[in-house]
Amino acid sequence: MKIPVKKLHPSAKLPEIKTSGSAGYDLYSCLDSVWELPVGEVKLVPTGLSFAIPDGYHFEIRPRSGFSTKHNLLIPNSPGTIDSDYRGELLVPILNLGKSAYHLESGVRIAQLLLRKTWLMDWETVEELPETERGAGGFGSTGR
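These numbers come from a predicted model, not from an experiment.

K.L.:
Can you help me understand the sheet that holds strand β8 (residues 80–82) in this one?
P.N.:
As a general point, the strands of a sheet are linked pairwise by backbone hydrogen bonds and lie either parallel or antiparallel. If you trace the 4 strands from one edge of the open sheet to the other, you get β2-β11-β6-β8, paired in antiparallel fashion. Both outer strands of the open sheet, β2 (25–28) and β8, are each paired with one neighbouring strand and no more. The mean angle between the axes of side-by-side strands here comes to 35°, regardless of whether they run parallel or antiparallel. The pairing of β2 with strand β11 (residues 109–117) spans 4 bridges and is antiparallel. In the strand pairing of β11, Asp26 is matched with Gln112.

Right, here's the structure in full:
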């Protein structure tokens, strides 16, 4: 499947996979200068790219395990969702949970991008739901 992508900045890098078994495409930061990511703050990091995601699909944005764990930088709404009708720049929110500011350069692999099928549903209001063994047991109820 070909996904139309527009480069909004000359140094923007297209998403890429590093190995044939990779599920996610790496997304790169696209910055004009080094950014400081202060501790405890979220910054929207530009990728320099916008996309035409086909109808019936969406993108999921997830942390890259190495980048996230090595630097304590998380994507706070992970997985993030990019809807098929969005045509603006793909921005990745990064939250610094480290002990000091992180200095982010352009061209760093900051997140993973996955294409997902969007399933639309119809809702049916009912008086009762079918019974299950678990029932209404909530958080931790199956681990006792």
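From this point, the discussion proceeds with the structure in view.
K.L.:
Can you help me understand the nonpolar core in this one?
P.N.:
Considering soluble globular proteins, one finds that nonpolar side chains tend to be buried as a cluster. Core analysis: the largest hydrophobic core is formed by 23 residues, its most contacted members being Ile61, Leu90, Val92, Ile94, Leu104 and Ile110. Those elements that place two or more of their residues in this core are β5 (49–51), β6 (57–63), β9 (91–96), β10 (102–104) and β11. Take this core: its biggest share by element is 3 residues, from β11. Beyond its immediate sequence surroundings of up to four residues, Leu90 is in contact with Leu27, Val45, Pro46, Thr47, Leu49, Phe51, Phe59, Ile61, Ile82 and Leu113.

Basis of the calculations
- Residues numbered from 1 in each chain as written.
- Predicted model: local features only at pLDDT ≥ 70, side-chain atom pairs only at ≥ 80, totals over all residues.
- Heavy atoms only, no water.
- Pairing = 2+ DSSP bridges.
- Helix = DSSP H or I, 4+ residues; strand = E, 2+ residues; numbered from the N terminus.
- Axes fitted to C-alpha atoms, helices over the stretch in contact; angles between N-to-C directions.
- Core = buried A, V, L, I, M, F, W, Y, C linked by side-chain atoms within 4.5 Å.
- Buried < 20%, exposed > 50% of the residue type's maximum accessible area, 1.4 Å probe, protein only.
- Contact = heavy atoms within 4.5 Å.

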